[in-house]
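Spelled out, the chains give:
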Amino acid sequence: LSTVASADWFSDSQAIMGTTVSVELWAEDEQQGQRAMAAVFTEMRRIDKAMNPWDEHSELAAINRQAAIAPVLISEELQQLISKALYYSRLSEGAFDISFASVSQYYRFRSAKKPSAQQRQQLQGAINYHNLVLDEKNRSLFFKDARISIDLGGIAKGHAVDRGIALLQSHGIHSAIVSAGGDSRVLGDKHGRPWVMGIQHPRKKDQHALRIPLANTAISTSGDYERFFMEGEIRHHHIINPQTAESARAVQSVTVLADKAVDSDALSTTVFVLGVKKGLALINQLPGIDAIIIDDQGLLHYSADLLLSP
Ligand code: ADP
Ligand code: MG
Ligand code: MG
């Protein structure tokens, strides 16, 4: 008896980049499906290896050790991603700032630790993207402030998802979803029907606040419920408002829709810091980008294009 390779859905998920990476795709046969799937996971591991700031062997960790001493040559991939991060810093007047890590590296969410008063004092003003000097011509990065550390956690998973989708396309796949934690992108639709994504309820575990149909789009959700600890009524979580150097507290969750996951990822973090009013004002000025915000009272807010749609 021989197995007949036939068109089918293939799915797999693996722990990478400190989260769950999952892929679901439609392939014409088993071999195409397995090869495409393997290519995505290999790429995700490669990106994690380069960009994980906690892995001393990563390119990012090397940059953090050396860039305040002298300009460091960086890969083309990191140059493009850091350039994009700086673009969102300028666009948001610093709400998105990869130098947030200068302070956040002293948080330990699992053991409920935060920077000491003395550390805070010493780090005042250290979060400041203006002190990141990216030389696009020489492809180097320099930190003008020795206290700076950078972390691409607000944008790298989106980039990885985009790379995953590009690889699937190069393997001839036309219908798929790739997710890395809260960052996802769907390719095509689900055989004539949309992909349906649930947006996590920020305060009710395993419940959706909303479900939305999607095709050919990226979607990212940033929430204050993923990595956090409580200190009395105060919620300390992983999204840092660069202005206060504390967790951003204006909203509970932000979902952004864009063509590419690198943009939905950076913008979900950005809008989380900006809050409802400034966040929607920013999104409404960007064509092709939408947002759904759940504010600090649990109320839903939509960007202009979503309000107009039926
Ligand atoms: P997730 O990590 O679940 O994808 P987000 O996309 O919202 O969630 O990104 C949150 C991550 O962004 C944090 O874990 C941290 O690495 C990074 N981050 C936190 N605050 C900022 C900020 N102000 N600017 C840029 N990146 C940030
Ligand atoms: Mg994000
Ligand atoms: Mg993200």
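Residues numbered from 1 in each chain as written. Chains lettered and ligands numbered in written order. Predicted model: local features only at pLDDT ≥ 70, side-chain atom pairs only at ≥ 80, totals over all residues. Heavy atoms only, no water.

**Observations concerning the packing of helix 1 (residues 30–51) against helix 3 (residues 76–91)**
Two elements in contact, helix 1 and helix 3, have axes separated by 11 Å at closest approach and are oriented at 75°. As the angle between them shows, helix 1 and helix 3 are arranged roughly perpendicular. Touching Arg46, Ile47 and Met51 of helix 1 are Glu77, Leu78 and Leu81, all from helix 3. Residues of the contact of helix 1 with helix 3, tallied by class, amount to 4 nonpolar, no polar and 2 charged. (Axes fitted to C-alpha atoms, helices over the stretch in contact; angles between N-to-C directions. Helix = DSSP H or I, 4+ residues; strand = E, 2+ residues; numbered from the N terminus. Parallel < 35°, antiparallel > 145°, perpendicular 65-115°, else oblique. Contact = heavy atoms within 4.5 Å. Nonpolar A, V, L, I, M, F, W, Y, C, P; charged D, E, K, R; others polar.)

**Some thoughts on the pattern of salt bridges**
Scanning the entire structure with this criterion turns up 13 salt bridges. With its nearest N and O atoms 2.7 Å apart, the salt bridge here joins Asp162 to Arg185. Placement of Asp162 in helix 6 (residues 156–170) and of Arg185 in strand 7 (residues 183–187) is noted, with a sequence separation of 23 residues between them. Ionic pairing is found between Asp224 and Arg203, a salt bridge with its closest N-O pair at 2.8 Å. (Salt bridge = Lys/Arg side-chain N within 4 Å of Asp/Glu carboxyl O.)

**Considerations on the side chain of Asp145**
Take Asp145: it is sitting in the loop between strand 5 (140–143) and helix 6. Here the side chain of Asp145 touches Arg147 through a polar contact of 2.8 Å, landing on its backbone nitrogen. Discounting residues that sit within four places of it in the chain, Asp145 has contacts with Ala68, Gly125, Ala126 and Asn131. (Polar contact = N/O pair within 3.5 Å; in protein donor to acceptor, adjacent residues only side chain to side chain.)

**Let's talk about the sheet that holds strand 6 (residues 176–180)**
One open sheet accounts for 8 strands, arranged 1-2-6-7-10-15-16-17; its pairing is antiparallel. The open sheet has two free edges, formed respectively by strand 1 (8–16) and strand 17 (300–302), since each of these has just one partner strand. Adjacent strand axes in the sheet meet at a mean angle of 10° when their direction is disregarded. The strands touched by helix 7 (residues 261–284) within the sheet are strand 7, strand 10 (217–223), strand 15 (251–258), strand 16 (290–295) and strand 17, with strand 15 carrying the most contacts at an inclination of about 125°. (Pairing = 2+ DSSP bridges.)

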